[in-house]
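Analysis of the macromolecular model
Letter by letter, the chains look like this.
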Amino acid sequence: SNHAFAAGPSTKERSFIAIKPDGVHRGMISNIISRFEQKGYKLVGIKVIVPGMDLAKAHYAEHEGKPFFNKLTSFLTSGPVVAMVWEGKEVIKYGRTMIGATNPLASAPGTIRGDFCVDMGRNMIHGSDGPESAQREIALWFQPSEIAEYESATQSWVYE
Ligand code: GDP
Ligand code: MG
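What this report covers is the structure whose coordinates are included nearby. (Residues numbered from 1 in each chain as written. Chains lettered and ligands numbered in written order. Predicted model: local features only at pLDDT ≥ 70, side-chain atom pairs only at ≥ 80, totals over all residues. Heavy atoms only, no water.)

Taken as a whole, this structure holds 6 salt bridges when the rule is applied. Among the salt bridges present, the one from Glu87 reaches Lys12, with a minimum N-O distance of 3.7 Å. Taken together, the residues span a long stretch of sequence, with Glu87 in strand 3 (residues 81-87) and Lys12 in the segment before strand 1 (14-19) at a distance of 75 residues. Among the salt bridges present, the one from Glu87 reaches Lys42, with a minimum N-O distance of 3.2 Å. One end of the pair, Glu87, is in strand 3; the other, Lys42, is in strand 2 (residues 42-49), with 45 residues separating them in the sequence. Residue class for Glu87 comes out buried when judged on its relative accessible area of 4%. What makes Lys42 buried here is its relative accessible area of 9%. Connected through shared salt-bridge partners, Lys12, Arg14, Lys42, Glu87 and Glu149 make up one network. (Salt bridge = Lys/Arg side-chain N within 4 Å of Asp/Glu carboxyl O. Helix = DSSP H or I, 4+ residues; strand = E, 2+ residues; numbered from the N terminus. Buried < 20%, exposed > 50% of the residue type's maximum accessible area, 1.4 Å probe, protein only.)

Shown next as structure tokens:
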């Protein structure tokens, strides 16, 4: 194809991005999806799910034992989560840049948390923090059959 010299393996990087219940209740689904879409990233998995406690605890396993763990997992199970897999060059790291710092009051304007959030426990969105967590979280939330393999029509306009 005419993309033979364009699309290297790094354009296939995937991150797990989730809009937490506060983001869904506040009507931020389309705004958040738009940001990733407009950047040039490709949506390859999406579903709305009210996660059970097992899933919430597994997702946030690294925080087990911390003072905010129970509040965090209770909040995640309290309502709808939009679970997504986004694909593209450095989507894990740049996705975190788009999301902003964990504390929204330390997040730059222009980031999702900087633009819309105040409290840490209402920071609206999750993004994988590295390749290992991305792989783990995608496998936790999605079956392989729920991930779509396709080439975007804009591929050669986003990537040189
Ligand atoms: P993230 O990767 O930026 O989402 O942050 P972490 O992985 O460190 O923490 C997971 C989530 O737990 C954060 O997004 C916050 O919602 C919440 N959280 C983290 N640290 C704190 C804290 O000190 N207090 C409270 N209330 N929530 C926290
Ligand atoms: Mg994290």
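A separate point is the packing of helix 2 (residues 29-39) against helix 5 (residues 91-99). For any two helices packed against each other, one specifies the crossing angle of their axes together with the interaxial distance. Interhelical geometry of helix 2 versus helix 5 gives an angle of 135° and a closest axis separation of 12 Å. In terms of orientation, helix 2 lies oblique with respect to helix 5. The handedness of the crossing between helix 2 and helix 5 is right-handed. On helix 5, the residues that touch Arg35, Phe36 and Lys39 of helix 2 are Tyr94, Gly95 and Met98. Residue composition of the contact of helix 2 with helix 5, by class: 3 nonpolar, 1 polar and 2 charged. (Axes fitted to C-alpha atoms, helices over the stretch in contact; angles between N-to-C directions. Parallel < 35°, antiparallel > 145°, perpendicular 65-115°, else oblique. Left-handed = near helix turned anticlockwise from the far one by under 90°. Contact = heavy atoms within 4.5 Å. Nonpolar A, V, L, I, M, F, W, Y, C, P; charged D, E, K, R; others polar.)

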